[in-house]
Amino acid sequence: MKKILVIGGGAMGSAFTIPCIEKKNDVTITEPYSKRFIRDLSSKKKIHSALKIRLPKKLKFRRFSDDLLREKFDLLVIALSLPGIDFIRKKLKHNKIKIPVLVLTKGLKYLSKKKKILTISENLKKNCGIKNVSVLKGPCLAKELARKNQTRVVIANKNINFAKKIGKQISTKYYLTEFSRDVIGVEVCSAIKNIYSMIIGAGQSLNASSNLFQKSIIEMKYVTKYFRGKEETTLGLAGAGDLYVSAAGGRNSKMGSYLGKGYSFKTAKKKFMPNDTVEGEQLAREIAPFVLKKLDKNKIPLMRSLITTIIKNKKLKIKV
Ligand SMILES: NC(=O)c1ccc[n+]([C@@H]2O[C@H](COP(=O)([O-])OP(=O)(O)OC[C@H]3O[C@@H](n4cnc5c(N)ncnc54)[C@H](O)[C@@H]3O)[C@@H](O)[C@H]2O)c1
């Protein structure tokens, strides 16, 4: 039994505790930001308002604090969304946390001063001195995991034996794991699929979307390689696997469908999705300054047109 602290009581962080508890780990969850999730997790029944299920009785909830971070855990799991990464990075640095970290968050960070893009694991390693960072990605809708529908995810660590150790501690019949050494490739794929699922969603028929799916995979290979990931990772669970689930039924592809119908991003957001976070939009804005300048424009026409559509609030133009 391992002592696991999950930081982030949103849909994914909470769903992730279910296989962890089933494998008899001692699991604590904490929520640094959202009053709604604090209310859900601290209530007696522990009904999660986003997942619409009752969380396991054995799940412990603790208020977020520096003292909690400094307690002795075997594994710290980060399940915040991308805007929470800077916050937790500073907290981990301030508290000199050195224990192994597992990142569920999907996204990339642009460092404007250094004019560089870092993955989340690179950011945590370079900017808070945590040596052992694993990442877990792949097709996993939190609502499905919470209902124990089978999925398979990939855990990546340069030290693959450590990734396997985590896999042993958390995988169940419905939460299957595979392993990779290509940490950067897995992170890049899992981040950019949010942009490509918007593009695929913009196709106004299944035929058109399939065409965009295939072209997206080709671009994803180039982008993954550009950031020093392995091309073949694009065809794995964090790439094609996660792209399928996001394109088939996520908020990014829903937004993409409005863009494909000719709405601008701002109009579509206000009219159809006012309360939804669209992760592809967050990522597009984050990486735009770098991608539009540095990457070969002939290799990423789809990504460029989506980014331009969002940052300039223009109509989407896709040429394939
Ligand atoms: N690795 C996987 O298998 C997997 C699967 C699904 C989702 N995810 C990723 O997990 C992350 C969370 O997704 P979710 O579905 O739980 O989202 P959610 O909206 O349900 O929860 C978001 C979490 O981030 C926190 N947060 C948001 N803004 C913050 C800020 N500014 N500062 C601090 N904390 C902040 C919220 O309080 C909450 O804990 C996303 O990056 C998503 O892509 C990973």
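Starting from 1, residues in each chain are numbered consecutively following that chain's sequence as written. Predicted model: local features are reported for residues with pLDDT of at least 70 only, side-chain atom pairs are reported and counted for 80 or more only, and whole-chain, interface and lining totals are derived from all residues. Computation of side-chain values: all heavy atoms of the structure, hydrogens and water removed.

Attention shifts here to the site of the ligand. Whether a residue is near a molecule or strand is decided by its heavy atoms; if any one of them lies within 4 Å of it, the residue is near. The environment of the ligand is formed by 21 residues, the closest being Ala-11, Met-12, Glu-31, Leu-136 and Glu-279. Glu-31 is positioned such that a nitrogen or oxygen atom in its side chain is 2.6 Å from an oxygen atom of the ligand. By the criterion applied in these results, polar contacts are pairs of N or O atoms within 3.5 Å in which, for protein atoms, one can donate a hydrogen and the other can accept it, and in which residues neighboring in sequence qualify only through two side-chain atoms. Here Ser-81 contributes a backbone N or O atom positioned 2.9 Å from an oxygen atom of the ligand. Surface accessibility in these figures is a Shrake-Rupley result with a 1.4 Å probe; residues are shielded only by whichever protein chains are displayed. Protein contacts shield 86% of the accessible area of the ligand, which totals 860 Å² for the unbound molecule. Strands are runs of DSSP state E lasting at least 2 residues, helices are runs of H or I lasting at least 4, and numbering of each runs from the N terminus. The set of elements that each furnish at least two residues to the shell around the ligand consists of helix H1 (11–22) and strand S10 (133–137). Only Asp, Glu, Lys and Arg are considered charged in this grouping, and only Ala, Val, Leu, Ile, Met, Phe, Trp, Tyr, Cys and Pro are considered nonpolar; every other residue, Gly among them, is considered polar. For the shell around the ligand, the residue count by class is 10 nonpolar, seven polar and four charged.

This part covers the packing of aromatic side chains. Centre distance within 6.5 Å is the pairing criterion for rings of Phe, Tyr and Trp, where only the six-membered ring of Trp is used; planes under 30 degrees apart are then read as stacked, over 60 as edge-to-face, and the remainder as tilted. Inspection of every chain in the model, using the stated rule, returns 10 aromatic pairs. With 6.3 Å between their ring centres and 85° between their planes, Tyr-258 and Tyr-263 make a pair best called edge-to-face. Accessibility expressed as a relative area gives 14% for Tyr-258, which makes it buried. Measuring from ring centre to ring centre gives 4.0 Å for Tyr-258 and Phe-272, while their planes differ by 10°; the resulting arrangement is stacked. Residue Tyr-258 is found in helix H11 (residues 251–260), and its partner Phe-272 is found in helix H12 (residues 265–272); the two are separated by 14 residues along the sequence. Each residue is placed in one exposure class: buried if its accessible area under a 1.4 Å probe, protein chains only, is under 20% of its type's maximum, exposed if it is over 50%, and partly exposed if it falls in between. Given a relative accessible area of 28%, Phe-272 falls into the partly exposed group. By the ring-pair criterion, three or more aromatic residues cluster together here, those being Tyr-110, Tyr-222, Tyr-226, Phe-227 and Phe-290. One residue, Lys-3, lies across the ring of Phe-73, its end atom 5.0 Å from the ring centre. Lysine NZ or arginine CZ positioned within 6 Å of the ring centre and within 35 degrees of the ring normal marks a charge as sitting over the ring.

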